Amino acid sequence: MSCASPIGVLDSGLGGLSVFSEIVRLLPEESVIYYGDGKNCPYGEKPKEEIIKISDEIVCFLIGHGCKLIVLACNTATADAIDYLREKYPDTPFVGMEPAVKPAVMSTRTGVVGILATAPTLEGRHFKDNYLKYAGEAAIIPAVGEGFVNIVENGEIESHEAESAVRKIIDPLIEKNVDRIVLGCTHYPFLKDVINKIIGEREIEIINPAPAVVRRIENLLVEKRISAPSGNLPYYEFYSSSGKQYLNKIKTTADKLLKGLKK
Ligand code: DGL
């Protein structure tokens, strides 16, 4: 392991690519190995013990491939497994995803904030801790994005089904007068256009925690003195548990996101 070693990024599937693309945008000299666990997706429907076991296997794979830092680019895996993983791999720095309660509460004007995430994330310790620490006077309305992960995985983000699934969750939040909606699952940024369409002209801001998480990664790399050397030519590798076709889907999605960064 050296400073030029890659950052390991894992998710249940394609969702973590929304974090991967932010890493590439904000830390362009860092190499990344991405693992999308298509075979076991969605994590949101699995018991905690299983998520711990699966995440452990992927982390082991990423460390075996020389990763210097691991990003759980999955709120669900963070909620269920990050404490276990930090204890098991004390020499590896971990960064996880948490629903961004603090920035939403600090900026809301209506005092009502919606948090979209999977059920395990909303039931997990990190969300509860953030809620208790930062909610203050604000009303926090948690909502599970029922079916959202499968819509993204199946490439159906522009379908009528996607719009009606998203409307079913977003409309009640609008009725409750939210002006901030936090995307607490890394798959959900792929549905941002549909969410925006439903929000229309209303002054509701969608908060994606990924840029803040990448700043955390950057700080940790600096603190541990493992940032990529200046001028480093990065590489990106992709792996999946789910065969060639799925791996191609990961690569195509990543390509699209990277092309979007260049525009
Ligand atoms: N992308 C994930 C998250 O951030 C996992 C969603 C799932 O597989 O259910 O929670």
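Residues numbered from 1 in each chain as written. Predicted model: local features only at pLDDT ≥ 70, side-chain atom pairs only at ≥ 80, totals over all residues. Heavy atoms only, no water.

1. Looking at the overall build of the protein
Counting its secondary structure elements, the protein contains eleven helices and nine strands. Here the C-alpha atoms of the protein give a radius of gyration of 18 Å, agreeing with the 18 Å that 2.2 N^0.38 yields for 263 residues. In terms of overall dimensions, the protein has C-alpha extents of about 50 × 40 × 40 Å along its principal axes. Relative to its full complement of 263 residues, the protein shows a buried share of 55%. Taking contacts inside the protein between residues at least 6 apart in sequence as the whole, the part at least 24 apart equals 81%. About 12,600 Å² of surface is accessible on the protein, with carbon and sulfur atoms providing 50% of the total. If the 31 positive side-chain charges of the protein are averaged to one point and the 35 negative ones to another, these points end up 3 Å apart. (Helix = DSSP H or I, 4+ residues; strand = E, 2+ residues; numbered from the N terminus. Rg over C-alpha atoms; globule rule 2.2 N^0.38 Å. Buried < 20%, exposed > 50% of the residue type's maximum accessible area, 1.4 Å probe, protein only. Contact = heavy atoms within 4.5 Å. Areas by Shrake-Rupley, 256 points an atom, 1.4 Å probe, with all protein chains shown as cover. Lys, Arg positive; Asp, Glu negative; His and termini not counted. Charge placed at Lys NZ, Arg CZ, Asp CG, Glu CD.)

2. Remarks on the sheet that holds strand E1 (residues 7-11)
Pairing in this open sheet of five strands is parallel, and the strands run E4-E3-E1-E2-E9 from one edge to the other. Across the chains shown, the open sheet's two edge strands, defined by having one partner strand only, are strand E4 (94-95) and strand E9 (236-240). Contacting E1, strand E2 (32-36), strand E3 (69-72), E4 and E9, helix H2 (residues 48-64) runs over the sheet at an angle of about 160° to E1. Where helix H11 (residues 243-262) meets the sheet, its contacts fall on E2 and E9, and the angle it forms with E9 comes to roughly 145°. (Pairing = 2+ DSSP bridges. Axes fitted to C-alpha atoms, helices over the stretch in contact; angles between N-to-C directions.)

3. Structural notes on the site of the ligand
Within the structure, the ligand sits among 14 residues, and Ser12, Tyr43, Gly44, Thr76 and His187 are positioned closest to it. Backbone polar atom of Tyr43 to an oxygen atom of the ligand: 2.7 Å apart, as the coordinates give it. Contact between the ligand and Gly44: an oxygen atom at 2.7 Å from a main-chain N or O atom of the residue. For the ligand, whose accessible area on its own is 300 Å², the fraction buried by protein is 99%. Grouping the amino acids of the shell around the ligand by side-chain chemistry returns six nonpolar, seven polar and one charged. (Near = heavy atom within 4 Å. Polar contact = N/O pair within 3.5 Å; in protein donor to acceptor, adjacent residues only side chain to side chain. Nonpolar A, V, L, I, M, F, W, Y, C, P; charged D, E, K, R; others polar.)

4. Observations regarding the side chain of Asp80
Tracing the backbone shows Asp80 in helix H3 (residues 75-88). Summary of buried charges: Asp80 has no salt-bridge partner, and the nearest side chain of opposite charge, Lys48, is 4.9 Å away. Those residues within four positions of Asp80 in sequence are excluded, and the remaining contacts are Lys48, Ile51, Ile52 and Pro120. (Salt bridge = Lys/Arg side-chain N within 4 Å of Asp/Glu carboxyl O.)

5. Let's talk about the environment of Gly184
Among the secondary structure elements, Gly184 is positioned in the loop between strand E7 (180-183) and helix H9 (192-199). On the accessibility criterion, Gly184 (0% relative accessible area) is buried. Placed 93 residues apart in sequence, Gly184 and Asp91 show a C-alpha to C-alpha distance of 28 Å. Beyond its immediate sequence surroundings of up to four residues, Gly184 is in contact with Asn75, Pro99, Leu116, Ala117 and Thr121.

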